[in-house]
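# Close look at the chain arrangement
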Amino acid sequence: MQPDSEDSDSDAELTASSDDEQAQVPTTPSKKRKIRSADDDHVGPMIVQAAFDAYFTHAAARPQTSTSVFSAIIPPLSSQEYAEATKDMSDKKMHSILLTDNKVRNTLFTQILRQVNEGFNVLCYGYGSKRSILNQFAVERCSKHGHVVVVNGFQASFNIKDMFMSFDSLPGYRDEASSGSSIEIQSKSVAEFFSESQKRHLYLIIHNIDSPSLRTPKVKACLETLAAAAHIHIIASVDHVSAPLIWSSRERFSWLWHDLTTLAPYDVELAHADRSSISGAQPTSRKQRADGPEAAANISETAASHILASVNQNALKLFALIARKQLEAVEDAGASASNDMQPYAIEYEMLFKLTREQFIATTDTSLRQLLGEFRDHSLIVSAQGSSGPEKLWIPLRKERLTNVLNGLPSTT
């Protein structure tokens, strides 16, 4: 019986050893996707963005812009509407102490005159028109100590050559001036003339020295040449928000800044601008598309009349045709009509058909040529969707468009 027990023990040992070998054999990894547990949510990312990387990641996102444009919601006023809205404001004006208190004003005048005579030049800033008070300073103080030249830089037609032409009227200078020469030569001639000790002082009153016509590098170099003369003094006003950057204190002007807040309206400075327009007097820095909807706020009733007075008869008939169709669409809309004229635009194909029937334009080329005269002045704008037809309309609301249409010759 003993041999049988030994065989059983040996079989048991072989079975145990074979189980251990099977346990040591590595299993094939599973290709199934690991199910994410709730504990994995607490594990942070392996890579953390630095502060500057996070900033650029956030800045690279598409900005959110509103489609509600102020110029589309609030239409600009006409000249008549603007005059009616402001006629009762004369009694509600606020006045600065510089305009109401003679003692304060005289103290300021004395201080400015003393500073410019010591070799400094003065820049006057502050809210409100400074034209009246600077002209008063020129008459009451500067004219008693030397020559005075007033420069109206706010005028749209102003040119730096106008200032040098004013110098020709100064006593004794006409013979020494180099007529017809460049402004650089003329500025040096004026500076040399007033550098002599026996010459009277020249006070240069410049209104809005920050105007586009006076802040070019070439003009600034000429003004620096004048300011370097011992007997030439510049007293100027600024209204541009970036005036400290335009006229830096590091330049050779030796500027002293004075707060000349008057709270007076800019009636004279803005006389050349259409104040009823939302765009105001600020010139656009980049060319706008004349045929885009964004040009709708840049046209007024007066401007439309001027444009129509300069076009030919066929162009007038084309404008009248579009205007009548647009007014008919507004009338059909009834009480739900809005000031936005784009929904009442006429399709180009329909317009081309009507112009051929009325012998205004018989070809597509002639029609687009007539439309081009109005598109250049934003009197007719157009829009075309990704799949829809091109549509054209006049960016004038019903009342103004009716007035313009009534002002056209009866032959149209």
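Predicted model, so just to flag it, every value in this text is computed and none were measured.

### Topic: the overall build of the chain
Of regular secondary structure, the chain possesses 16 helices and 8 strands. Looking at the 412 residues of the chain, the share that counts as buried comes to 34%. Nonlocal contacts in the chain, meaning residues at least 24 apart in sequence, comprise 73% of its contacts between residues at least 6 apart. For the chain, the exposed area adds up to about 25800 Å²; of that, 52% sits on carbon and sulfur atoms.

### So, the sheet that holds strand 3 (residues 201–207)
Reading across from one edge, 2-3-4-1-5 is the order of the 5 strands in this open sheet, with parallel pairing throughout. Of all strands in the sheet, those with a lone pairing partner are strand 2 (146–152) and strand 5 (255–259), marking the two edges. Each strand of the sheet is rotated relative to its neighbour by a mean of 20 degrees, with strand direction disregarded. By the bridge criterion, 5 bridges tie strand 1 (residues 121–125) to strand 5 in an arrangement that is parallel. Note that in strand 5 the partner of V122 across the bridge is L256. Sitting on the sheet, helix 10 (residues 217–227) is in contact with strand 1, strand 3 and strand 4 (232–237), with an inclination near 130 degrees to strand 4.

### Section: the packing of helix 9 (residues 183–193) against helix 10
How two helices pack is summed up by the angle between their axes together with the distance between the axes. Where helix 9 contacts helix 10, the axes come no closer than 8 Å and their chain directions differ by 15 degrees. Taken as axis vectors, helix 9 and helix 10 run roughly parallel relative to one another. The crossing of helix 9 and helix 10 is right-handed. Residues I183, E184, S187, K188, V190 and A191 of helix 9 pack against K218, C222, T225 and L226 of helix 10. Here the contact of helix 9 with helix 10 is built from residues that sort into 5 nonpolar, 2 polar and 3 charged.

### Regarding the nonpolar core
Formed by 35 residues in total, the largest nonpolar core has its most connected members in M163, F167, V190, L204, I206, I209 and L223. At the level of secondary structure, the elements contributing two or more residues to this core comprise strand 2, helix 8 (160–167), helix 9, strand 3, helix 10, strand 4 and helix 11 (243–246). Among residues more than four places away in sequence, those in contact with M163 are V151, F158, L204, L223 and L226. With 33 residues, the next largest nonpolar core counts L318, L327, I346 and A361 among its residues.

### Looking at the pattern of salt bridges
Throughout the structure, instances matching the rule amount to 8 salt bridges. When the shortest N-O distance is used, the salt bridge between K130 and D239 registers 2.8 Å. Of this pair, K130 sits in the loop between strand 1 and helix 7 (131–140) while D239 sits in the loop between strand 4 and helix 11, and the two are 109 residues apart along the sequence. Among the residues examined, D239 registers a relative accessible area of 32% and is labelled partly exposed.

### Focus on the side chain of Q326
Counting through the fold element by element, Q326 comes out in helix 13 (residues 313–333). Among the polar contacts listed, one links the side chain of Q326 to the backbone nitrogen of I394, at a separation of 2.8 Å. Among all residues touching Q326, those that are not within four sequence positions of it are M341, Y344, W393, I394, L396 and L401.

### Notes on unusual backbone geometry
Phi angles above zero are rare outside glycine, and S254 is one such case at about 55 degrees. Given a relative accessible area of 34%, S254 falls into the partly exposed group. We note that L263 has phi near 60 degrees; this positive angle belongs to a residue other than glycine. Inspection of the secondary structure assignment puts L263 in the loop between strand 5 and helix 12 (301–308).

### Describing the packing of aromatic side chains
Inspection of the entire model under this criterion finds 10 aromatic pairs. When the centroid spacing of 6.3 Å and the interplanar angle of 80 degrees are considered together, the rings of Y127 and Y266 count as edge-to-face. With Y127 in the loop between strand 1 and helix 7 and Y266 in the loop between strand 5 and helix 12, this pair connects stretches of sequence that are 139 residues apart. Assessed through its relative accessible area of 56%, Y127 is described here as exposed. Centroid distance F319 to F374: 5.8 Å. Interplanar angle 40 degrees. Geometry classified as tilted. With F319 in helix 13 and F374 in helix 15 (residues 364–375), this residue pair connects regions lying 55 residues apart in the sequence. One exposure class covers both F319 and F374, and it is buried. Across the ring face of W247, the terminal group of K220 is positioned such that the distance to the ring centre comes to 5.0 Å.

Definitions and cut-offs
- Residues numbered from 1 in each chain as written.
- Predicted model: local features only at pLDDT ≥ 70, side-chain atom pairs only at ≥ 80, totals over all residues.
- Heavy atoms only, no water.
- Helix = DSSP H or I, 4+ residues; strand = E, 2+ residues; numbered from the N terminus.
- Buried < 20%, exposed > 50% of the residue type's maximum accessible area, 1.4 Å probe, protein only.
- Contact = heavy atoms within 4.5 Å.
- Areas by Shrake-Rupley, 256 points an atom, 1.4 Å probe, with all protein chains shown as cover.
- Pairing = 2+ DSSP bridges.
- Axes fitted to C-alpha atoms, helices over the stretch in contact; angles between N-to-C directions.
- Parallel < 35°, antiparallel > 145°, perpendicular 65-115°, else oblique.
- Left-handed = near helix turned anticlockwise from the far one by under 90°.
- Nonpolar A, V, L, I, M, F, W, Y, C, P; charged D, E, K, R; others polar.
- Core = buried A, V, L, I, M, F, W, Y, C linked by side-chain atoms within 4.5 Å.
- Salt bridge = Lys/Arg side-chain N within 4 Å of Asp/Glu carboxyl O.
- Polar contact = N/O pair within 3.5 Å; in protein donor to acceptor, adjacent residues only side chain to side chain.
- Phe/Tyr/Trp six-rings, centres within 6.5 Å; stacked < 30°, edge-to-face > 60°.
- Lys NZ or Arg CZ within 6 Å of the ring centre and 35° of its normal.

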